[in-house]
Amino acid sequence: MSRGDRAITYNAVKYVLLVGDGMGDYPLKELGGRTPLEVAKTPNMDKIASCHVGLAKTIPEGMEPGSDVANLSLLGYDPRQYHTGRAPLEAASMGIELGSTDVAFRMNLVTLEQRSKDEIIMISHSSGDISTEEGRAIIATLQDKLQVNGIRIFPGVAYRHLMVWSNGPLAARTIPPHDVLGQNMAAYVNQSGNNPIPELIRLSWNILRDHPVNISRRKSGLNEANSIWPWGQGLPPSLPPFFEKFGLKGGVISAVDLLKGIGISAGLRSIYVEGATGYLDTNYRGKADAALEALEDLDFMLLHVEAPDEAGHAGSVEEKIQAIEAFDQEVVGRVLNELKRFERYKVMVASDHLTPIPKRTHTDDPTPIAWAAKEELERAQGGEFSERAAQASGLFFENGHELLPNLLK
Ligand SMILES: [Zn+2]
């Protein structure tokens, strides 16, 4: 029996949350004072926005702007109450069990340029988008050679890996590497004393300097993974199950461990999609189809696409517009089209936070969101999904974690 003629009699409402990571931005001179969202062709997000559009503060005052805090908010969890750090969420995604005194650290492989003892520049937070294969070869060597009591190292994807330190330094000062691109980190990495992280970073230099992966990247003129960079640490999170909170069986689709980890920690089903890379070349269609497939028996789906954020970190206006247009067409458009087979549904599209091109990192500015129900979309016209239109609507969610309960209401 093919999909088309299946008598679907769902009376439950299907809820879909579509997140284009870091889509929000500032007006750019090179775009004539418009933003990438304003310039990008986004007929599908515009259609949703014609029903309801507004701004949400997904990063509470004083909290570190990032996808962990922002997506906890979008999933209806108050980050002030439930956020314990980025790395424990990623550990959940990697299936790494954390004990109550285990401190998990995100461990990036980065490129540092040591011009002198006092001039050590953060060249790349991703070792020039190193591949997973190369990254894992480096991690295997670190597991073998970086022997420090209580520390375990776990391989992840590309430049994103994990370090677990039992009874580790939870309060140690660490720095998100994408926040200091191009900056001199000598003062931080040269320090010794009660912060053990800089010393750990320095320990990795001799191990990595002539690693075969780096020798071959050096020959090809690519950035080398010549240093580890631990950050985003925390103890294991304890989120009340999503089903208990909202009475909905849910799933999550994302290429990045952080989002999968948030989903798994909230009791959502994490659905694997072949070819989901977290970059511009990700499998947009595959993600949309997998989400629709899963909605056959789930009530709620969070579908997250990382590509616009990576373009923001890279400072590429062109790639950001490309990523936004692909998200709108291949994900939002496809989902809107196929959702029609369900009797009742509500869809929300969101930029979890801004990753402005001029800043090349996340900010805590209120971010654009829009939503609509099936019956509203059937008569929808015009509309615009952009920062300016969201602002002009006057709709503002001071507490981003109240947005989803509002949609589910
Ligand atoms: Zn994000």
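**A closer look at unusual backbone geometry**
Inference 1: Not every positive phi belongs to a glycine, and Asp-129 is a case in point at roughly 50 degrees.
Inference 2: By the element assignment, Asp-129 lies in the loop between strand E4 (119-124) and helix H6 (132-145).
Inference 3: For Asp-129, a relative accessible area of 43% corresponds to the partly exposed category.
Inference 4: Positive phi values are uncommon outside glycine, yet Ala-158 reaches one of about 50 degrees.
Inference 5: Within the secondary structure layout, Ala-158 lies in the loop between strand E5 (151-157) and strand E6 (160-166).

**Considerations on the pattern of salt bridges**
Inference 1: Inspection of the entire model under this criterion finds 19 salt bridges.
Inference 2: We note a salt bridge from Glu-61 to Lys-57, for which the minimum N-O separation is 3.8 Å.
Inference 3: Judged by relative accessible area, which is 64%, Glu-61 ranks as exposed.
Inference 4: Given the relative accessible area of 9%, Lys-57 is considered buried.
Inference 5: One salt bridge in this structure joins Glu-90 and Arg-106, with 2.8 Å as the shortest N-O distance. With Glu-90 in helix H5 (residues 86-93) and Arg-106 in strand E3 (residues 102-116), this residue pair connects regions lying 16 residues apart in the sequence.
Inference 6: Looking at Glu-90, the relative accessible area reads 3%, which means it is buried.
Inference 7: Exposure remark for Arg-106: the relative accessible area of 3% places this residue in the buried category.
Inference 8: Here the salt bridges share partners, and the residues they tie into one network are Arg-86, Glu-90 and Arg-106.

**Side note on the sheet that holds strand E2 (residues 52-56)**
The strands making up a sheet associate through hydrogen bonds between their backbones, and the pairing can be parallel or antiparallel.
Inference 1: Here we have eight strands laid out as an open sheet, ordered E9-E8-E10-E1-E11-E12-E2-E13, and mixed in their pairing. Looking at the sheet topology across the chains shown, the edges are occupied by strand E9 (269-270) and strand E13 (396-397).
Inference 2: Where strand E8 (residues 250-253) and strand E10 (residues 300-305) come together, four bridges link them in parallel fashion. By the bridge assignment, Gly-251 is partnered in E10 with Met-301.
Inference 3: Along the sheet face, helix H12 (residues 284-294) touches E8 and E10 and points at about 170 degrees away from the line of E10.
Inference 4: Sheet strands touched by helix H14 (residues 317-339): strand E1 (14-20), E10 and strand E11 (345-350). Its angle to E1, the strand with the most contacts, is close to 175 degrees.

**Some remarks on the coordination of the zinc ion**
Inference 1: Protein coordination at the zinc ion: the donors are Asp-21 (OD), Asp-21 (OD), Ser-67 (OG), Asp-352 (OD) and His-353 (NE2), at 1.9 to 2.4 Å from the metal.
Inference 2: Donor residues for the zinc ion, ordered by position in the chain, follow D-x45-S-x284-D-H. Placement of the pair is Ser-67 in helix H3 (residues 67-74) and Asp-352 in the loop between E11 and strand E12 (367-373), with a sequence separation of 285 residues.
Inference 3: For Ser-67, a relative accessible area of 5% translates into the label buried.

**Side note on the domain arrangement of the chain**
Inference 1: Here the chain is partitioned into domain 1 (3-82 + 239-408) and domain 2 (102-234).
Inference 2: Here the C-alpha centroids of domain 1 and domain 2 sit 31 Å apart.
Inference 3: With 10 residues of domain 1 in contact, the opposing surface of domain 2 contributes 10 residues.
Inference 4: Together domain 1 and domain 2 conceal approximately 790 Å² of surface at their shared face, both sides included; 43% is due to carbon and sulfur atoms.
Inference 5: At the junction of domain 1 and domain 2, the tally comes to one salt bridge.
Inference 6: As a salt-bridge pair, Arg-160 and Glu-310 come within 3.2 Å of each other at their nearest N and O atoms.
Inference 7: If you look at where domain 1 meets domain 2, you find three residue pairs in polar contact (both at pLDDT 80 or more).
Inference 8: Here the residues of the side of domain 1 that touches domain 2 sort into two nonpolar, three polar and five charged.

Conventions adopted
- Residues numbered from 1 in each chain as written.
- Predicted model: local features only at pLDDT ≥ 70, side-chain atom pairs only at ≥ 80, totals over all residues.
- Heavy atoms only, no water.
- Helix = DSSP H or I, 4+ residues; strand = E, 2+ residues; numbered from the N terminus.
- Buried < 20%, exposed > 50% of the residue type's maximum accessible area, 1.4 Å probe, protein only.
- Salt bridge = Lys/Arg side-chain N within 4 Å of Asp/Glu carboxyl O.
- Pairing = 2+ DSSP bridges.
- Contact = heavy atoms within 4.5 Å.
- Axes fitted to C-alpha atoms, helices over the stretch in contact; angles between N-to-C directions.
- Donors = N, O, S within 2.8 Å, 3.2 Å for Na, K, Ca; no water.
- Domains from an automatic or database assignment.
- Buried area = accessible area lost by both parts, 1.4 Å probe.
- Polar contact = N/O pair within 3.5 Å; in protein donor to acceptor, adjacent residues only side chain to side chain.
- Nonpolar A, V, L, I, M, F, W, Y, C, P; charged D, E, K, R; others polar.

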